[in-house]
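Residue-level listing of the chains:
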Amino acid sequence: MVSEYLSICQEYHLASDLAAEHPLYLYWPKDKSTLLYSQSITELLDDSRVPKPLAISNEGVSFLLQSGVVPPPKTAYEDIYILGIGDQAKVSTQNGKVEVEFTHEFPFLNGNRLSPGEMEPDEDKILEMLAEATISRIDPSRPSFLFHSAGKDSNSIALALAEAGWQDKVTLITHKSKGKVDESEISAKIAKQLGFRHQVLHEVDKLRSEHKQAIHDYFVNAPFPCTDNVTLAYPLYACQIPELKGANVIDGGGNDSHMTTPPTTRDLKAMPFAKFAHNASVLRNLVKSESVMTPMLRTPAEWCGMSGFSLGDTKKIFSGASNVYGHWKHESLARADWDLFDLKTSVYSSVTIAEMHMRKARNFSDSINSNLVLPFAHEGIAKYFQQLPEKHLFDRTTLKNKLILRKILKDRLGLDSDELGKLGFSYDSRSVVLQNWDDITHEIYACELWSQAGVREVVQRLRKRMDGKGWGAGTSGRLLYKLYVLSCWVNKNRWINPITAS
């Protein structure tokens, strides 16, 4: 449903739910004649009152190239905004025009939690709440799939559903990664132990015609660009399991905000240093993107998952580029007195997680018309963990997180997250770039946003660097991949290319 605020209306406030299970999407045109808003981005963009083709925001593209993500409430479109975690919009009428004032207040600061002894975690209640948060969002007329791994989030959901007796109604699906980080065998054992059906999804390196068609369809229907390294894996999943289209898709994301994201050991060294090093920002216009100097110039906020091209390379690629340094400097200064746990969590969860990691799942869901279920982002779950004393969630010395989930899984499932370590969800984007070079460069060079001479210079330089070793070689591959997926979205997206949709 799309709602409208008219200039005759009284002032009111808009916001998403607590953990942004359902972000609020806004259309606010430059003439300020109206404001449309909806929890469904596709319904908003398809609304006849939103003129098409939509205009791409130069500022949004600048963020995507330099940071890999557009910080809410801004988006890659002009006139389209997002209200996510902690975002509010005060809407009012002034001189017959609709005015919107955006503010942000992160709702999950650790200093606001209950003190130790005021609240003890109830493991049965946590699992019951998780099961209810999942089941209440499932459409029983559709098949249901849970993206499953060896991790704490998806296994907590799987355990909750198993204890609720839902084994016959949900299939666990797992991405098979290359190398030692693969989780598929562990996932299969857990699925068998809990009584769920299990399917493995494989990586695709060399793209065949059916894969290219799936990728094309994905970018036509993905509402937003997403530079996440795993973006391309998702449309290829639907090739392997066609039943995913239109299904209930359950994802374990959404708890990094209210369960806290501890800084890594690298963060503990880099972020204090960044408070001073970022002042050499003039070098952003001089260094190459693949230089080891590039991360040294980040602001503290940018250490929360941001990465991308240097300002100098961005200007070569995109003539409409602007410098995003001022935004991240402001965000860092606003948190200058915060401890690193709050700083990391507030930026990482509300920007990087929300608009990169979770956005790829939202895009995938929208592109195949599935029903995305995010149990950990449910407001009831978020309120519970918002209050829980931090000693049950993370350790400031060991930097381990989600301690209560670790305990539940070890006690009830025999899954020792400490022993397993961090496996994660990996995707060999470097191999995709190398094995599909002609297709990838064709897509990049076909993008009308880019300055041809500049983008060709940067692409060829990065390709040569990929043949080397070290940090710069890996970074070059990731940057080319990001430029490719961004180019695909610009070239194919149906809201900015109406012909594509016909």
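So, here's what we can say about the structure. (Residues numbered from 1 in each chain as written. Predicted model: local features only at pLDDT ≥ 70, side-chain atom pairs only at ≥ 80, totals over all residues. Heavy atoms only, no water.)

1. With respect to the pairing of strand 9 (residues 171–176)
Here comes step 1: Of all the six residues making up strand 9, five are buried; the element is thus mostly covered by neighbouring parts of the structure.
Here comes step 2: Note: strand 9 against strand 10 (residues 197–202), six bridges, orientation parallel. Residue pairing across strands places threonine 174 opposite valine 200, the latter belonging to strand 10. (Buried < 20%, exposed > 50% of the residue type's maximum accessible area, 1.4 Å probe, protein only. Helix = DSSP H or I, 4+ residues; strand = E, 2+ residues; numbered from the N terminus. Pairing = 2+ DSSP bridges.)

2. Some remarks on the packing of aromatic side chains
Here comes step 1: Under the counting rule described, the total for this entry stands at 18 aromatic pairs.
Here comes step 2: Between the aromatic rings of tyrosine 77 and phenylalanine 224, the centroid separation amounts to 5.8 Å while the plane-to-plane angle is 55°, which identifies the pairing as tilted. With tyrosine 77 in the loop between helix 2 (58–67) and strand 5 (80–83) and phenylalanine 224 in the loop between helix 6 (209–221) and helix 7 (233–240), this pair connects stretches of sequence that are 147 residues apart. Across the pair, phenylalanine 224 and tyrosine 77 agree in class, each one buried.
Here comes step 3: Ring geometry for tyrosine 234 versus tyrosine 237: centroids 5.2 Å apart, planes at 55°, classification tilted. Of this pair, tyrosine 234 and tyrosine 237 both sit in helix 7, three residues apart, which is roughly one turn of the helix. Each member of the pair, tyrosine 234 as well as tyrosine 237, is classed as buried.
Here comes step 4: Among the aromatic residues, ring-to-ring pairing joins Tyr25, Tyr77, Phe224 and Trp489 into one connected group. (Phe/Tyr/Trp six-rings, centres within 6.5 Å; stacked < 30°, edge-to-face > 60°.)

3. Things to note about the nonpolar core
Here comes step 1: By size, the foremost hydrophobic cluster in this structure holds 94 residues, and its most contacted members are Leu44, Tyr77, Leu244, Ile444, Trp450 and Leu483.
Here comes step 2: Residues in contact with leucine 244, not counting those within four places in the same chain, are Phe145, Ile173, Tyr237, Ala238, Val249, Phe364, Ile368 and Ser370.
Here comes step 3: Formed by 39 residues, the second largest nonpolar core is a distinct cluster that contains Leu161, Trp166, Val170 and Val373. (Core = buried A, V, L, I, M, F, W, Y, C linked by side-chain atoms within 4.5 Å. Contact = heavy atoms within 4.5 Å.)

4. Here we look at empty space enclosed by the protein
Here comes step 1: Per the stated rule, a full pass over the model turns up three cavities of 30 Å³ or more.
Here comes step 2: Roughly 130 Å³ of internal volume is contained in the largest cavity.
Here comes step 3: In terms of lining, the largest cavity is formed by 16 residues, of which the most central are Ala19, Ile85, Ser349, Ala354 and Met358.
Here comes step 4: In terms of residue class, the lining of the largest cavity is built from seven nonpolar, five polar and four charged.
Here comes step 5: The computed volume of the second largest cavity comes to approximately 100 Å³. (1 Å grid on protein atoms, 1.4 Å probe; cavity = no way out; pocket = protein on both sides within 12 Å on 5 of 7 lines; lining within 4 Å. Points joined across faces, edges and corners; volume = space filled by probe spheres on them. Nonpolar A, V, L, I, M, F, W, Y, C, P; charged D, E, K, R; others polar.)

5. Notes on the pattern of salt bridges
Pairing between side chains of opposite charge can happen when their charged atoms approach one another.
Here comes step 1: Applying the stated criterion across every chain, the model contains 31 salt bridges.
Here comes step 2: In this structure, arginine 49 and glutamate 4 form a salt bridge, with 3.0 Å as the shortest nitrogen-oxygen distance. A residue pair is termed long-range when its members are at least 10 positions apart, and arginine 49 in the loop between helix 1 (41–46) and helix 2 and glutamate 4 in strand 1 (residues 3–5) qualify at 45 residues.
Here comes step 3: For glutamate 4, a relative accessible area of 33% puts it in the partly exposed group.
Here comes step 4: When the shortest N-O distance is used, the salt bridge between aspartate 416 and lysine 410 registers 3.6 Å.
Here comes step 5: For lysine 410, a relative accessible area of 47% corresponds to the partly exposed category.
Here comes step 6: Here the salt bridges do not stand alone but share partners, grouping Glu123, Asp124, Glu163, Lys407, Asp411 and Arg412 into one network. (Salt bridge = Lys/Arg side-chain N within 4 Å of Asp/Glu carboxyl O.)

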